[in-house]
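These are the residues of each chain, in order.
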Amino acid sequence: DAGVIQSPRHEVTEMGQEVTLRCKPISGHDYLFWYRQTMMRGLELLIYFNNNVPIDDSGMPEDRFSAKMPNASFSTLKIQPSEPRDSAVYFCASSWRGETQYFGPGTRLLVL
Amino acid sequence: AQKVTQAQTEISVVEKEDVTLDCVYETRDTTYYLFWYKQPPSGELVFLIRRNSFDEQNEISGRYSWNFQKSTSSFNFTITASQVVDSAVYFCALTANFGNEKLTFGTGTRLTIIP
């Protein structure tokens, strides 16, 4: 079975540009999570969905960040406009019934 | 509030030595789940194990073993006969009973195996 798929794996952009990160969860999983990892703050939960509905977005840093899950097999995390402090590795994870979370390979974002 | 403490920031051992990674947790929930994840240099997060608070049996999987002790709120991870491929950052994590899906992660322990 395919694991969680994320794209792109690497993204380099300039400050002010829009960035869209994509995630395909494991088939059959009903929970999807977006995390951010930085050296300073470690792993932070940004938002999570259950059955495509956002449940908790309290970790989203500010209005520049938005996430959607239009269907059970696809989610996006968008940053507009991007800033250098958004540089991080962004992970998507999915789980079934809220049990063990399986992580994607991550998207390494660099905002210049 | 939940908290996971991994006091060992970095550990280095020579190959074939045994090494134990410590994890201490805090939670008010009576039902909870503990996890270990591995993050190798390639960057992905790999699930290793999940234990629930009802089951204090130690678990062994090949060279890996886990010691769960509720009395000391600890869930320690031991690698026996370490290998270079074990070099990674290891994270301990906690969540309350499923239905409260947020994972609380520790800050991680960077393990370096010296050939």
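Coordinates for the structure precede this section.
In this report, the structure presented in the accompanying data block is examined. No experiment lies behind these values; they were computed from the predicted model shown. (Residues numbered from 1 in each chain as written. Chains lettered and ligands numbered in written order. Predicted model: local features only at pLDDT ≥ 70, side-chain atom pairs only at ≥ 80, totals over all residues. Heavy atoms only, no water.)

As a further point, take the sheet that holds strand β1 (residues 5-7) of chain A. Residues and elements named next belong to chain A. Read from one edge of the open sheet, 4 strands run β1-β3-β8-β7, paired in antiparallel fashion. The open sheet has two free edges, formed respectively by β1 and β7 (65-71), since each of these has just one partner strand. Neighbour to neighbour, the strand axes of the sheet diverge by 15° on average, direction disregarded. Pairing analysis gives 3 bridges linking β1 to strand β3 (residues 19-24), with the strands arranged antiparallel. Looking at the pairing, glutamine 6 lines up with cysteine 23 of β3. (Pairing = 2+ DSSP bridges. Helix = DSSP H or I, 4+ residues; strand = E, 2+ residues; numbered from the N terminus. Axes fitted to C-alpha atoms, helices over the stretch in contact; angles between N-to-C directions.)

Time to look at the pairing of strand β5 (residues 32-39) of chain B. Residue and element names in this part refer to chain B. Among the 8 residues in β5, 8 count as buried, and that is most of the element. Residues Tyr32, Leu34, Trp36 and Lys38 of β5 are buried on one face, and the alternating residues Tyr33, Phe35, Tyr37 and Gln39, pointing to the opposite face, are buried as well. As paired elements, β5 and strand β10 (residues 88-96) share 8 bridges and run antiparallel to each other. Residue pairing across strands places tyrosine 33 opposite threonine 95, the latter belonging to β10. Across 6 bridges, β5 lies against strand β6 (residues 46-52) in antiparallel orientation. Residue pairing across strands places phenylalanine 35 opposite arginine 50, the latter belonging to β6. Counting the residues between successive antiparallel strands, the hairpin from β5 to β6 contains 6 residues, one of them, glycine 43, with a positive phi of roughly 105°. (Buried < 20%, exposed > 50% of the residue type's maximum accessible area, 1.4 Å probe, protein only.)

Let's shift gears to the interface of chain B and chain A. In many analyses, interface size is given as the accessible surface area lost on bringing the parts together. Taken residue by residue, the interface counts 14 residues in chain B and 18 residues in chain A. At the boundary of chain B with chain A, total buried surface from both sides reaches about 1500 Å², with 58% on carbon and sulfur atoms. Here chain B and chain A share 2 salt bridges between them. Its salt-bridge partner being lysine 102 of chain B, residue aspartate 56 of chain A comes within 2.5 Å of it at the nearest N-O pair. Here the side of chain B that touches chain A takes 3 residues from β5 of chain B, the largest share from any one element. (Contact = heavy atoms within 4.5 Å. Buried area = accessible area lost by both parts, 1.4 Å probe. Salt bridge = Lys/Arg side-chain N within 4 Å of Asp/Glu carboxyl O.)

Read these as layout, nothing more, since geometry by itself doesn't imply function.
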